[in-house]
Amino acid sequence: MTTSRSTYHHGELRQAVLAAALDVIAADGPGALSLRDLARRAGVSHAAPAHHFKDRTGLLTAIAAQGYDLLAAGLAGAPGLRERGVRYVRFAMEHPAHFQVMFQPDLLRADDPDLLAAKERASAELRTGVAGLTDVPDARTAGIAAWSLAHGFATLLLTRNVGGAIGDDDPEEYFRSLTGLLFSPQLDPHGGE
């Protein structure tokens, strides 16, 4: 549906362009993004998206910052590292377009203040999960291992590389089982409860 140019307010246009961009990324990947096409989809002049994002890199950076904020919110309050991993996998499945963009630094403005702040919020939530671990000689390495497992599993799900292996099992429950095979219960003092 095309919306008349005169009906958009400043913030609504920005959100409309972001939403259209997320649809394109989910369907065809970030390489398919064009500001001109997004303007057409939003029913605005071809210059309107550039007014909000400057260029394609600015748009992708805004998507990544939004994704990190959504991830931080999703991780907040999760009990234990295992459940933070489950929420990480859930985030990837619920926001696949954000997930695709967030971890491709060559597409982003690395020094963007909004992106840096959002990444720090998400990182702080991940570190909180690691802080609850006991008997871990190197919390930093444990955090990278946990992140690698959750990120790898989420990526395999999104790229449909493990669909046949997990069958009809719920991906979140499968992830819980997977972590149970690899880590002793003492690594997650809350036991995923």
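Report follows, based on the coordinates. All values derive from a computational prediction rather than experimental measurement. (Residues numbered from 1 in each chain as written. Predicted model: local features only at pLDDT ≥ 70, side-chain atom pairs only at ≥ 80, totals over all residues. Heavy atoms only, no water.)

This paragraph deals with the overall build of the chain. Broken down by element type, the chain carries 10 helices and zero strands. Taking as baseline every contact in the chain between residues at least 6 positions apart, the subset at least 24 positions apart corresponds to 72%. Counting only carbon and sulfur atoms, one obtains 55% of the accessible surface of the chain, whose full area is about 10,400 Å². (Helix = DSSP H or I, 4+ residues; strand = E, 2+ residues; numbered from the N terminus. Contact = heavy atoms within 4.5 Å. Areas by Shrake-Rupley, 256 points an atom, 1.4 Å probe, with all protein chains shown as cover.)

Now for the environment of Tyr68. Its location among the elements puts Tyr68 in helix α4 (residues 56–75). Overall, Tyr68 belongs to the buried group, its relative accessible area being 7%. Note: C-alpha distance between Tyr68 and Lys119 (51 residues apart in sequence) is 5.5 Å. (Buried < 20%, exposed > 50% of the residue type's maximum accessible area, 1.4 Å probe, protein only.)

A few words now on the packing of aromatic side chains. Summed over the entire model, instances satisfying the criterion amount to six aromatic pairs. Both rings, one in Tyr68 and one in Phe103, keep their centres 5.8 Å apart while their planes meet at 75 degrees; by these two values the pair is edge-to-face. Note that Tyr68 is positioned in helix α4 and Phe103 in the loop between α6 (96–102) and α7 (113–131), a separation of 35 residues in sequence. Assessed through its relative accessible area of 22%, Phe103 is described here as partly exposed. (Phe/Tyr/Trp six-rings, centres within 6.5 Å; stacked < 30°, edge-to-face > 60°.)

For helix α5 (residues 80–94), spanning 15 residues, the distance from its first C-alpha to its last is 21 Å, which sits close to the expected 21 Å at 1.5 Å a residue. With 11 of 15 residues buried, α5 lies mostly within the body of the structure. Within α5, the full set of buried residues consists of Gly80, Leu81, Arg82, Glu83, Arg84, Gly85, Val86, Tyr88, Val89, Phe91 and Ala92. (Expected span 1.5 Å × (residues − 1).)

Turning our attention to unusual backbone geometry. A positive phi angle, near 75 degrees, is found at Lys54, a position not held by glycine. In this fold, Lys54 is placed in the loop between α3 (48–53) and α4. When its relative accessible area of 63% is taken as the criterion, Lys54 is described as exposed. Located in the positive-phi region is Arg160, a residue other than glycine, with phi close to 60 degrees. For Arg160, the position within the fold is in the loop between α8 (139–158) and α9 (163–166). For Arg160, a relative accessible area of 74% puts it in the exposed group.

To continue, consider the nonpolar core. If you look at the biggest cluster of nonpolar residues, it comprises 48 residues, and the most contacted ones within it are Leu33, Leu38, Leu59 and Ile63. At the level of secondary structure, the elements contributing two or more residues to this core comprise α1 (10–28), α2 (35–42), α3, α4, α5, α6, α7 and α8. Of all the elements, α4 adds the most residues to this core, at 10 residues. Residues within four places of Leu59 in sequence aside, it is in contact with Val17, Leu18, Ala21, Leu33, Leu35, Leu38 and Phe53. (Core = buried A, V, L, I, M, F, W, Y, C linked by side-chain atoms within 4.5 Å.)

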